[in-house]
Amino acid sequence: MSKTEKRRKLLVALGLIFALNIFLIIGLTQTAQAAAYRPGSTGDTVRTIQTKLKNWGYYEGNVDGIYGSRTTEAVRYFQRENSLTEDGIAGPATLAALGIQDGSTTNTGGIQAQQNGSLQLLARVVSAEARGEPYSGQVAVGAVILNRVGHPSFPNTIAGVVYQPGAFTCMMDGQFNAPVSDSAIRAAQAALNGADPSGGAIYYFNPATATSGWIWSRPLLKIIGNHRFCA
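Just so you know, these numbers come straight off a predicted model, no measurement behind them.

Draft legend 1. Representation of the sheet that holds strand E2 (residues 220-224) within the structure. Strand order in the open sheet formed by three strands is E1-E3-E2, and the pairing between neighbours is antiparallel. Two strands lie at the open edges of the sheet, namely strand E1 (203-205) and E2, each paired on one side alone. Here the average twist between neighbouring strands, direction ignored, is 20°. Sheet topology note: the E1/strand E3 (residues 227-230) ladder contains three bridges and is antiparallel. Its bridge partner lying in E3, Phe205 is registered against Arg228.

Here is the structure:
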């Protein structure tokens, strides 16, 4: 083979490698962009974002599937209240906190962001609801939330359970926005990993502060610290 032919084949090979790299970069860029919704975005996922924000009192505009200025401000409000990056863009972490599993976030980074968002939200509730309780009691509170996710009587996402009106005292007394303890983060992760000291409970309450007579009718499964965990 002549030097000219070798040079030509080398140039062709380099050209193919360059083209493949360009296609890879474009594909990764499109995936990253698809995983985030921002002003100008449209479609069913935007409609879902608007619906959830509206149901939870963050959004007062029309549910039209158009990511306009009012949707952006509602997303900012939600992010601010939930200790997320306040940029008005519904990226993987914000979608996870909203309980939205978007098909475009199936790349490794998107999955990790969703997992982190779920952990942060769960830990915030555990910290607010079980601060000062034994570690096993904190894990149990996290487990109750996850048990509700799998129960037909409750929303099927962590965010849906957490933001269900009247479900948790911390959402009404401001404790939800308090700093999250390290033990709550560990407890939330343990619950996500499958630990359930509650014995499968879907309710818990502190008898010293409970004001509902109905909660006492629930079958008792466990007592951990100051909380009674019930079916």
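Draft legend 2. Representation of the pairing of E2. By the bridge criterion, four bridges tie E2 to E3 in an arrangement that is antiparallel. Its bridge partner lying in E3, Leu220 is registered against Cys230. Between the end of E2 and the start of E3, which pair antiparallel, lie two residues, with Gly225 showing a positive phi angle near 60°.

Draft legend 3. Molecular detail of the environment of Arg218. Mapped onto the elements of the fold, Arg218 is located in the loop between E1 and E2. For Arg218, a relative accessible area of 26% translates into the label partly exposed. Residues Arg218 and Cys230 lie twelve residues apart in sequence; the distance between their C-alpha atoms is 5.7 Å. Those residues within four positions of Arg218 in sequence are excluded, and the remaining contacts are Tyr203, Cys230 and Ala231. Only 2.9 Å separates the side chain of Arg218 from the backbone oxygen of Ala231, close enough to count as a polar contact.

Draft legend 4. Main features of helix H3 (residues 69-81). With 13 residues, H3 ought to run about 18 Å at 1.5 Å a step, and its terminal C-alpha atoms sit 18 Å apart, in line with that. Residues of H3 that are buried: Thr71, Thr72, Ala74, Val75, Phe78 and Gln79. All buried residues of H3 lie within an arc of 165° about the axis, which places them on one face of the element. Opposite the buried face of H3, at more than 90 degrees from it, the exposed residues are Ser69 and Arg70. The secondary structure elements touched by the buried residues of H3 are helix H2 (44-55) and helix H4 (92-98). With its phi angle positive at about 55°, Ser83 sits one or two positions after the end of H3.

Draft legend 5. Region of interest: the pattern of salt bridges. The full count for this structure, using the stated rule, is three salt bridges. The residue Glu86 makes a salt bridge to Arg80 at a minimum N-O spacing of 2.8 Å. Using a relative accessible area of 36% as the deciding quantity, one classes Glu86 as partly exposed.

Conventions and cut-offs
- Residues numbered from 1 in each chain as written.
- Predicted model: local features only at pLDDT ≥ 70, side-chain atom pairs only at ≥ 80, totals over all residues.
- Heavy atoms only, no water.
- Pairing = 2+ DSSP bridges.
- Helix = DSSP H or I, 4+ residues; strand = E, 2+ residues; numbered from the N terminus.
- Axes fitted to C-alpha atoms, helices over the stretch in contact; angles between N-to-C directions.
- Buried < 20%, exposed > 50% of the residue type's maximum accessible area, 1.4 Å probe, protein only.
- Contact = heavy atoms within 4.5 Å.
- Polar contact = N/O pair within 3.5 Å; in protein donor to acceptor, adjacent residues only side chain to side chain.
- Expected span 1.5 Å × (residues − 1).
- Arc of directions from axis to C-beta.
- Salt bridge = Lys/Arg side-chain N within 4 Å of Asp/Glu carboxyl O.

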